[in-house]
Structure formats: C-alpha cells, structure tokens
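Fold and contact review
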Amino acid sequence: ATRPYDDQNIFAKILRGEIPSTRIYEDEWAYAFPDINPQAPLHILVIPKGAYVSWDDFSAAAPAEEIAGFIRAVGHVAREHGLVEPGYRLLANIGGHGGQEVPHLHVHLFGGQLLGPMIV
Ligand code: 5GP
C-alpha cells in the first residue's frame, strides 16, 4: 500500500509557497515549475494540488474530476511550450524501485531535444 502522505515533503512546501519555485502553469488542479536539476533543455515538473504520494494513490483514490484536471494540465503545459510537433516525453517515478525521491506525485515533462532511447 502507498505510505501516508507527508505534508512536510518538498513539493508540499512548494505548493504552500514555503519554498520558492518559478510558476510555469497553475490552475485549480495542478501546478507546474522547472526541475531544479534539469535532465533536458526543457524539464518541467507537473504536480497535482491534492495530497497524493504517487500515481498509485492518485489513480486509486482521486476523484475523476481531479484526475482529468491534472492530466489535462500536463497536456496543456506541453502544448503551451510548442512541444507537440517536435515531441516530448512524460515520466512518473513511483516508489523505491521507481526511484521516486519526492513523495508527492509529479510528472516529469522532458523536451527541447531529441531524447535518447529509454534505458528502462
Ligand atoms: P523523483 O526522483 O522523485 O521522480 O524526482 C524528483 C525531482 O525533483 C528531481 O528531478 C529533482 O531534481 C527535483 N527537485 C528536488 N527538489 C527540488 C526543489 O526544491 N525544487 C525543484 N524545482 N525541483 C526539485
């Protein structure tokens, strides 16, 4: 089972404005900001405003409206950055084997260059 949500995680603090971040996009459901350690010319993190540890509890427990709002926000950010025609990549790490470091659901959006083949 997904562990309980820790409201002291770094992205919770970013959502509350306790840690600074550059707002790329924000709506009722989602907040997007640049990754502090970018792995591509464009590396954006999109997070739901709700308290979800990962894709696991989000997909199992979030209201459908919240899931739709979050997924639409990810697509909106990509379109807003002109990424649809050149293409881009989405990634979510879940839990230990997934290499998830921050226990608030986030989708990585990579773009701005030809991305290499997936290693795993
Ligand atoms: P994970 O491994 O959990 O999928 O990825 C966490 C990501 O959050 C990493 O790519 C890391 O660079 C990013 N990150 C960690 N702390 C901060 C922070 O304080 N601000 C921002 N903008 N990104 C962060």
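Residues numbered from 1 in each chain as written. Predicted model: local features only at pLDDT ≥ 70, side-chain atom pairs only at ≥ 80, totals over all residues.

If you look the protein up in an unreviewed UniProt entry, it shows as HIT domain-containing protein from Allopontixanthobacter confluentis.

Counting its regular elements, the protein contains four helices and five strands. Listing every helix and strand of the protein by position from the N terminus yields α-β-β-β-α-α-β-α-β. Here the C-alpha radius of gyration of the protein, 14 Å, is about what a compact globule of 120 residues would show, namely 14 Å. Here the C-alpha coordinates of the protein stretch approximately 40 × 30 × 30 Å along the principal axes. Relative to its full complement of 120 residues, the protein shows a buried share of 22%. In the protein, of all internal contacts separated by at least 6 residues, the share reaching a separation of at least 24 is 61%. (Helix = DSSP H or I, 4+ residues; strand = E, 2+ residues; numbered from the N terminus. Rg over C-alpha atoms; globule rule 2.2 N^0.38 Å. Buried ≥ 20, exposed ≤ 12 C-beta atoms within 10 Å, placed from the backbone. Contact = placed C-beta atoms within 7 Å.)

Before going further, it helps to examine the site of the ligand. Around the ligand sit 13 residues, and of these I36, N37, N93, E101 and V102 come closest. Grouping the constituent residues of the shell around the ligand by class yields six nonpolar, five polar and two charged. (Near = placed C-beta within 6 Å. Nonpolar A, V, L, I, M, F, W, Y, C, P; charged D, E, K, R; others polar.)

Glancing now at the sheet that holds strand 5 (residues 107-111). With antiparallel pairing, five strands are arranged side by side in an open sheet as 1-2-3-5-4. Across the chains shown, the open sheet's two edge strands, defined by having one partner strand only, are strand 1 (25-26) and strand 4 (89-91). As paired elements, strand 1 and strand 2 (residues 30-34) share two bridges and run antiparallel to each other. Following the sheet pairing, Y25 is matched in strand 2 by A32. Helix-sheet contacts for helix 3 (residues 64-80) involve strand 1, strand 2, strand 3 (42-48), strand 4 and strand 5, and the interaxial angle to strand 3 is about 160°. (Pairing = 2+ DSSP bridges. Axes fitted to C-alpha atoms, helices over the stretch in contact; angles between N-to-C directions.)

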